[in-house]
Amino acid sequence: MKTVISNNEQTKELVNLVLQGASEAFNTYRNIPGDRKADFLNSIAAEIELLGTSLITQAMAETHLGPERLMGERTRTCAQLRAFADMVKEGSWVEACIDGALPDRKPLPKPDMRKMFIPLGPVIVFGAANFPFAYSTAGGDTASALAAGCPVIVKAHPGHLKTSSLVAGCIQRAALKNNIPSQVFQHIEKTDFDTGQALVLHPLTEAVGFTGSFAGGYALYKMAVNRDRPIPVFAEMSSVNPVCILPEIIRKQAKGIAEKLANAVTGSMGQFCTKPGLQLLIEEEGFEDYLEALRHKFSTAQPAALLHEGIASTFYKRRNESIGTEGVKLEMSSSLKASVQEGYPSLISVSASDFIRQKTLHEEVFGPFTLIIKCRDKKELLEVIRSLHGQLTATIIGTTQELQNNRDIIDALTDKAGRIIINGVPTGLEVCPSTVHGGPFPATTDSRFTAVGISSVKRFVRPQCYQNFPSELLPNELKDENPLGIRRMVNGSWEDPGKK
Ligand code: NAP
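Residues numbered from 1 in each chain as written. Predicted model: local features only at pLDDT ≥ 70, side-chain atom pairs only at ≥ 80, totals over all residues. Heavy atoms only, no water.

### Brief notes about the overall build of the chain
For step 1, the next point in the chain: Looking only at helices and strands, the chain features 15 helices and 20 strands.
For step 2, the next point in the chain: For 500 residues, the compact-globule estimate of 2.2 N^0.38 gives 23 Å, and the C-alpha radius of gyration of the chain, at 25 Å, lies within 12% of that figure.
For step 3, the next point in the chain: Based on the C-alpha atoms only, the size of the chain along its principal axes is roughly 75 × 60 × 40 Å.
For step 4, the next point in the chain: In the chain, buried positions account for 56% of the 500 residues.
For step 5, the next point in the chain: Here the contacts in the chain between residues at least 6 apart in sequence split such that 76% fall between residues at least 24 apart.
For step 6, the next point in the chain: Of the roughly 21,300 Å² of accessible surface on the chain, a fraction of 53% belongs to carbon and sulfur atoms.
For step 7, the next point in the chain: When the 54 positive and 54 negative side-chain charges of the chain are each reduced to one mean point, those points stand 2 Å apart. (Helix = DSSP H or I, 4+ residues; strand = E, 2+ residues; numbered from the N terminus. Rg over C-alpha atoms; globule rule 2.2 N^0.38 Å. Buried < 20%, exposed > 50% of the residue type's maximum accessible area, 1.4 Å probe, protein only. Contact = heavy atoms within 4.5 Å. Areas by Shrake-Rupley, 256 points an atom, 1.4 Å probe, with all protein chains shown as cover. Lys, Arg positive; Asp, Glu negative; His and termini not counted. Charge placed at Lys NZ, Arg CZ, Asp CG, Glu CD.)

Structure, rendered in structure tokens:
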């Protein structure tokens with residue numbers, strides 16, 4: 001169903017209609033077997049690929065992102081959909097667990113207890129401006145919710161409305177081809193906050209997946225927890241992704257590391273939630289060489305169009321606020337002039353003590369911008385790490401010996417982030433079952449989950465226990481004969497379906 005809401009008076013009524021439809025569809029969709037859900041997810045990927053260059057051209061026009069970046073993102077999006085298809089087809093993801101009855105147990109008999117994950121119900125998805133495919137209409141939130149067995153309502157992002165509509169068409173065609181109820185997926189094309197908020201507040205909504213700014217994610221989170229019946233909001237928000245560079249490696253490889261970091265900050269105009277926005281260094285021999293190499297890279301970095309006007313104005317506002325903060329020094333901006341729509345690669349520095357006491361410097365500047373934090377010694381560097389908010393990523397760069405000698409820095413960074421990287425950069429996320437794209441607040445609203453990788457399905461399910469159920473009323477996953485041949489925990493041991 002495609003719903004275009006024309007004015008505010010209609011919002012409530014139409015949101016109600018959309019949720020009623022999703023709720024009805026849930027009753028059917030939750031019972032559709034895993035192999036049919038897999039066909040549906042695989043079909044969505046195939047339909048997206050069938051759109052070919054027309055989809056890329058549309059996304060380029062709306063986001064100003066380049067073709068290679070968008071083609072890579074499309075590949076990743078289709079791979080994610082197929083990974084979830086494989087997962088639901090195989091079936092063991094429900095983590096079935098069976099503890100048989102012990103009627104003769106003393107002093108009390110033990111009942112038959114069985115457990116598995118079941119879907120929550122209708123999920124609202126908000127995508128981000130900077131990922132029109134992978135974190136939007138058919139992105140990880142939608143794919144994981146559909147895999148879990150939940151209907152999805154996507155609130156289209158105004159920054160790529162037409163792209164979103166094209167992708168929504170793919171999901172709708174895939175549903176039709178696979179005999180999936182049409183209201184399992186609905187697409188709301190409306191560019192105001194009221195609609196998104198009405199979707200979150202509707203009593204039939206069971207969960208929310210959000211990717212975007214801290215302001216947006218946190219506003220929706222607070223609304224959801226203050227409902228009469230609170231619901232979970234899995235909001236993936238902002239992160240400054242600290243990179244800690246140790247002294248010995250800087251003495252040896254200042255230029256090479258500066259090049260890698262500068263590229264990670266300015267690539268795609270720094271419009272990644274994993275962009276390294278903070279660099280922590282100790283002012284020892286090699287530090288000045290590193291800074292000089294970075295200055296050179298920033299002075300020659302080419303400005304380019306940002307995603308949309310709102311992102312551009314927020315970038316300049318936050319950049320100028322940071323530069324105007326006490327103790328901050330502008331080290332270098334691109335020597336090439338940028339228009340108001342373009343990102344302006346900028347490098348600033350500040351002392352550790354000024355950084356620690358001024359909290360605005362701890363917040364994301366979304367765009368080609370990074371802050372060097374000058375620490376007097378390791379003690380001060382550790383204080384900086386301890387002062388940081390929760391992050392999606394944290395990185396440490398050092399020689400083998402330095403890494404061995406600085407386990408306390410690694411531990412301090414681990415406490416702050418969902419993914420910790422050694423001798424690399426945080427941008428360019430590898431998507432696989434081990435991926436964690438999440439982290440302590442405010443990187444996300446729930447650090448126990450990841451938004452990327454197949455375990456992200458856990459956000460949209462809950463464990464259900466079935467006590468003393470006769471076999472004919474049990475889900476197939478929990479029947480003694482294991483008709484689906486899935487991996488299960490039975491009476492405390494893993495059951496190997498291959499041995500049946
Ligand atoms: P955004 O402005 O927060 O928008 C995201 C979506 O949320 C839009 O659909 C927007 O609605 C909606 N929204 C925002 N505030 C709302 C409110 N108060 N009430 C109702 N709806 C609201 O984010 P963005 O500019 O698209 O994305 C850039 C940000 O995303 C950056 O901070 C970046 O770091 C972050 N990001 C994070 C991740 C991650 O995985 N953690 C990934 C990518 C990007 P409208 O359509 O009505 O504007």
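Alright, that's what it looks like, and here's the rest.
### A word on helix 1 (residues 8–29)
Given 3.6 residues to a turn, an α-helix orients residues that are three or four positions apart in the same direction.
For step 1, the next point in the chain: With 22 residues, helix 1 should cover 32 Å at 1.5 Å per step; its first-to-last C-alpha distance of 31 Å lies within 8% of that length.
For step 2, the next point in the chain: All of the buried residues in helix 1 are Thr11, Leu14, Val15, Val18, Leu19, Gly21, Ala22, Ala25, Phe26 and Tyr29. (Expected span 1.5 Å × (residues − 1).)

### Some remarks on the site of the ligand
For step 1, the next point in the chain: Inspection of the region around the ligand gives 29 residues, with Lys155, His157, Pro158, Ser213 and Glu364 positioned closest.
For step 2, the next point in the chain: The contact in question runs from an oxygen atom of the ligand to an N or O atom on the side chain of Ser213, over 2.5 Å.
For step 3, the next point in the chain: Measuring from a nitrogen atom of the ligand, one finds a backbone N or O atom of Met237 at 2.9 Å.
For step 4, the next point in the chain: Its free accessible area being 910 Å², the ligand has 91% of it covered by the protein chains.
For step 5, the next point in the chain: Those elements that provide at least two residues to the shell around the ligand are helix 7 (193–201), strand 7 (207–211) and helix 8 (214–225).
For step 6, the next point in the chain: Tallying contributions element by element places helix 8 first for the shell around the ligand, with three residues.
For step 7, the next point in the chain: Looking at side-chain class alone, the shell around the ligand contains 15 nonpolar, 10 polar and four charged residues.
For step 8, the next point in the chain: Here the shell around the ligand spans two domains, and each of domain 1 (2–237 + 447–462) and domain 2 (242–422) adds at least three residues to it. (Near = heavy atom within 4 Å. Polar contact = N/O pair within 3.5 Å; in protein donor to acceptor, adjacent residues only side chain to side chain. Nonpolar A, V, L, I, M, F, W, Y, C, P; charged D, E, K, R; others polar. Domains from an automatic or database assignment.)

### Some remarks on the domain arrangement of the chain
For step 1, the next point in the chain: Domain parsing of the chain yields domain 1 (2–237 + 447–462) and domain 2 (242–422).
For step 2, the next point in the chain: Look at where the C-alpha atoms of domain 1 and domain 2 centre, and you get two points 34 Å apart.
For step 3, the next point in the chain: Listed per partner, the contact involves 12 residues of domain 1 and 11 residues of domain 2.
For step 4, the next point in the chain: At the boundary of domain 1 with domain 2, total buried surface from both sides reaches about 840 Å², with 63% on carbon and sulfur atoms.
For step 5, the next point in the chain: For domain 1, the biggest contributors to the area lost against domain 2 are His64, Arg69 and Asn130; these three give 43% of the whole.
For step 6, the next point in the chain: Connecting domain 1 to domain 2 are zero salt bridges.
For step 7, the next point in the chain: Joining domain 1 to domain 2, the criterion identifies three residue pairs in polar contact (both at pLDDT 80 or more).
For step 8, the next point in the chain: Here the side of domain 1 that touches domain 2 is built from residues that sort into four nonpolar, five polar and three charged. (Buried area = accessible area lost by both parts, 1.4 Å probe. Salt bridge = Lys/Arg side-chain N within 4 Å of Asp/Glu carboxyl O.)

### Digging into the nonpolar core
For step 1, the next point in the chain: With 99 residues, the main nonpolar core has Phe40, Leu41, Ile44, Ile48, Phe355, Ile373 and Ile409 as its most contacted residues.
For step 2, the next point in the chain: Residue contributions to this core peak at seven residues, all from helix 4 (residues 67–90).
For step 3, the next point in the chain: Split by domain, this core shows at least three residues from each of two domains, domain 1 (2–237 + 447–462) and domain 2 (242–422).
For step 4, the next point in the chain: With residues up to four places along the chain from it excluded, the contact list for Ile409 reads Cys244, Leu246, Lys378, Leu381, Leu382, Ile385 and Ile396.
For step 5, the next point in the chain: Within the second largest apolar cluster, 20 residues are counted, among which are Ile249, Ile257, Val265 and Tyr290. (Core = buried A, V, L, I, M, F, W, Y, C linked by side-chain atoms within 4.5 Å.)

### Quick word on the packing of helix 4 against helix 5 (residues 140–148)
For step 1, the next point in the chain: With their axes 10 Å apart at the nearest point, helix 4 and helix 5 run at an angle of 15° to one another. Here helix 4 is positioned roughly parallel relative to helix 5, judged by the angle of their axes. When you trace helix 4 past helix 5, the crossing you get is right-handed. Facing Gln80, Leu81, Phe84, Met87 and Val88 of helix 4, the residues of helix 5 in contact are Gly140, Ala143, Ser144 and Ala147.
For step 2, the next point in the chain: Here the contact of helix 4 with helix 5 is composed, by residue class, of six nonpolar, three polar and no charged. (Axes fitted to C-alpha atoms, helices over the stretch in contact; angles between N-to-C directions. Parallel < 35°, antiparallel > 145°, perpendicular 65-115°, else oblique. Left-handed = near helix turned anticlockwise from the far one by under 90°.)

### Quick word on the packing of helix 9 (residues 247–266) against helix 10 (residues 287–299)
For step 1, the next point in the chain: Packing of helix 9 against helix 10 leaves a shortest axis separation of 8 Å and a crossing angle of 30°. Relative to helix 10, helix 9 is oriented roughly parallel. Viewed along their axes, helix 9 and helix 10 form a crossing whose handedness is right-handed. Contacts between helix 9 and helix 10 involve Ile250, Ala254, Lys255, Ile257, Ala258, Glu259, Leu261, Ala262, Asn263, Val265 and Thr266 from the former and Phe287, Asp289, Tyr290, Ala293, Leu294, Lys297 and Phe298 from the latter.
For step 2, the next point in the chain: Grouping the constituent residues of the contact of helix 9 with helix 10 by class yields 12 nonpolar, two polar and four charged.

### As for the sheet that holds strand 18 (residues 461–467)
For step 1, the next point in the chain: With respect to topology, five strands assemble into an open sheet ordered 18-3-2-19-20, the strand pairing being mixed. The strands lining the two open edges of the sheet, one partner per strand, are strand 18 and strand 20 (493–495). Neighbour to neighbour, the strand axes of the sheet diverge by 30° on average, direction disregarded.
For step 2, the next point in the chain: In terms of strand pairing, strand 19 (residues 488–490) meets strand 20 through three bridges, oriented antiparallel. Across the sheet, Met489 pairs through a bridge with Trp494, a residue of strand 20. (Pairing = 2+ DSSP bridges.)

### A look at the pattern of salt bridges
For step 1, the next point in the chain: Tallied over the entire structure, the rule returns 25 salt bridges.
For step 2, the next point in the chain: Here Glu73 and Arg69 are joined by a salt bridge, their closest N and O atoms 2.5 Å apart. Residue Glu73 and its partner Arg69 are located together in helix 4, separated by four residues, close to a single helical turn. Just as Glu73 is buried, Arg69 falls in that class too.
For step 3, the next point in the chain: Between Glu284 and Arg251 there is a salt bridge whose closest N-O contact spans 3.8 Å.

### Structural notes on the sheet that holds strand 14 (residues 346–351)
For step 1, the next point in the chain: Ordered in space as 12-14-15-10-9-16-17, the seven strands form an open sheet in which the pairing is mixed. The outermost strands of the open sheet, each flanked by one partner alone, are strand 12 (329–333) and strand 17 (417–422). Pairs of neighbouring strands in the sheet enclose a mean axial angle of 20°, with direction left out of account.
For step 2, the next point in the chain: Both strand 9 (residues 242–245) and strand 16 (residues 391–397) contribute to a ladder of three bridges, which runs parallel. Residue pairing across strands places Val243 opposite Thr395, the latter belonging to strand 16.
For step 3, the next point in the chain: Docked against the sheet, helix 10 engages strand 9, strand 10 (278–282), strand 12, strand 14 and strand 15 (369–375), running at close to 50° with respect to strand 12.

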